[in-house]
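# Chains, contacts and geometry: an overview
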Amino acid sequence: MKKLDILPIGLYEENVYLLHQDGHVLIIDPGCKMKYITPYIQDEIVDGIVLTHGHEDHTVAVDDLVEMYHCDVYMHVDEMPLVQNKFGYDIPYYKQIYSTITPLQSEQTIGTFPIKVIHTP
């Protein structure tokens, strides 16, 4: 069974997306505290976290979710420097992610989810 949860939560009520399919879930843009996301994940395997871009309202819960679910994080390579703080100073609206980030490919499968990426900087 396929299901999509759209959760408008966080300071800016940005959308967090949870794609559910056959006991698996893919988290997209977890930009709020983890406690608002985890109630929607019921005994499912978290296949990964996909980040559409690096603004903090799309990334705040990443490290906590990785610690809880032991999943991988995926993001377009052009966005990575902003969340990995390779500049050596804080950048407004970006929060450093300490988890390892895997570059998104234009087409790939994450767990059970086929993904097609269209980079729109």
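Up top is the structure.
Residues numbered from 1 in each chain as written. Predicted model: local features only at pLDDT ≥ 70, side-chain atom pairs only at ≥ 80, totals over all residues. Heavy atoms only, no water.

## Section: the overall build of the chain
To keep things clear, this is the line we draw: Strands are runs of DSSP state E lasting at least two residues, helices are runs of H or I lasting at least four, and both sets are numbered from the N terminus onward. The size measure is the radius of gyration over C-alpha atoms, and the globule rule it meets is 2.2 Å times the number of residues to the 0.38 power.
Scanning the chain from N- to C-terminus turns up two helices and eight strands. Counting from the amino terminus, helix and strand elements in the chain follow one another as β-β-β-β-α-β-α-β-β-β. For the chain, whose C-alpha radius of gyration is 14 Å, the value lies close to the compact-globule estimate of 14 Å for 121 residues. Overall size of the chain, expressed as C-alpha extent along the three principal axes, is 45 × 30 × 25 Å.

## Here we look at the pattern of salt bridges
We count it as follows: A pair is scored as a salt bridge if a Lys or Arg side-chain nitrogen falls within 4 Å of a carboxyl oxygen belonging to Asp or Glu. For the exposure calls, accessible area comes from a 1.4 Å probe over protein chains only, and a residue counts as buried if that area is under 20% of its type's maximum, exposed if over 50%, partly exposed in between.
In total, this model carries one salt bridge according to the counting rule given. Across the pair Asp5 and Lys3 runs a salt bridge whose closest N-O atoms are separated by 3.7 Å. Residue classification places Asp5 among the buried residues on the basis of a relative accessible area of 11%. Of the residues examined, Lys3 reaches a relative accessible area of 42% and is grouped as partly exposed.

## As for the pairing of strand 3 (residues 24-28)
Consecutive residues of a regular strand have side chains that alternate between opposite faces of the sheet. Formally: One bridge is not enough; two strands pair if DSSP finds at least two bridges between them.
With respect to burial, strand 3 is a largely interior element, five of its five residues being buried. Across five bridges, the pairing between strand 2 (residues 14-21) and strand 3 is antiparallel. Among the inter-strand pairings, Leu18 is bridged to a residue of strand 3, identified as Ile27. Connecting strand 2 to the next strand, strand 3, in antiparallel fashion are two residues, including Asp22 with a positive phi near 50°. In the sheet, strand 3 pairs with strand 4 (residues 45-51) via five bridges, with the strands oriented parallel. When the sheet's bridge partners are listed, Leu26 is paired in strand 4 with Gly48.

## Some remarks on the nonpolar core
Heads up, the rule is: We call a set of buried Ala, Val, Leu, Ile, Met, Phe, Trp, Tyr and Cys residues a nonpolar core when their side-chain atoms join them within 4.5 Å. It only takes one pair of heavy atoms within 4.5 Å for two residues to be counted as in contact.
Core analysis: the biggest nonpolar cluster contains 24 residues, and Ile37, Ile41 and Ile49 have the highest contact counts within it. Listing elements by their share of this core, those giving two or more residues are strand 1 (2-9), strand 2, strand 3, strand 4, helix 1 (62-69), strand 5 (73-75) and helix 2 (80-84). Top contributing element to this core by residue count: helix 1, with four residues. In this structure, Ile49 is in contact with Leu26, Ile27, Pro30, Val62, Leu65, Val66, Cys71, Asp72, Val73 and Tyr74, ignoring residues within four places of it in sequence. Leu26, Val50, Tyr74 and Leu104 belong to the second largest nonpolar core, which has eight residues in total.

## Details of a nonpolar patch on the surface
Test applied: Nonpolar side chains (Val, Leu, Ile, Met, Phe, Trp, Tyr) within 5 Å and like charges within 9 Å form the patches, drawn only from residues with over 30% relative accessible area and no salt bridge. Note on areas: these come from Shrake-Rupley sampling with a 1.4 Å probe, and a residue is covered only by the protein chains present in the view.
Together, Leu11, Tyr12 and Tyr93 line one region of the surface with nonpolar side chains, adding up to about 440 Å² of accessible area. Structurally, Tyr93 is set in the loop between helix 2 and strand 6 (101-103). By relative accessible area, Tyr93 is classed as exposed at 57%.

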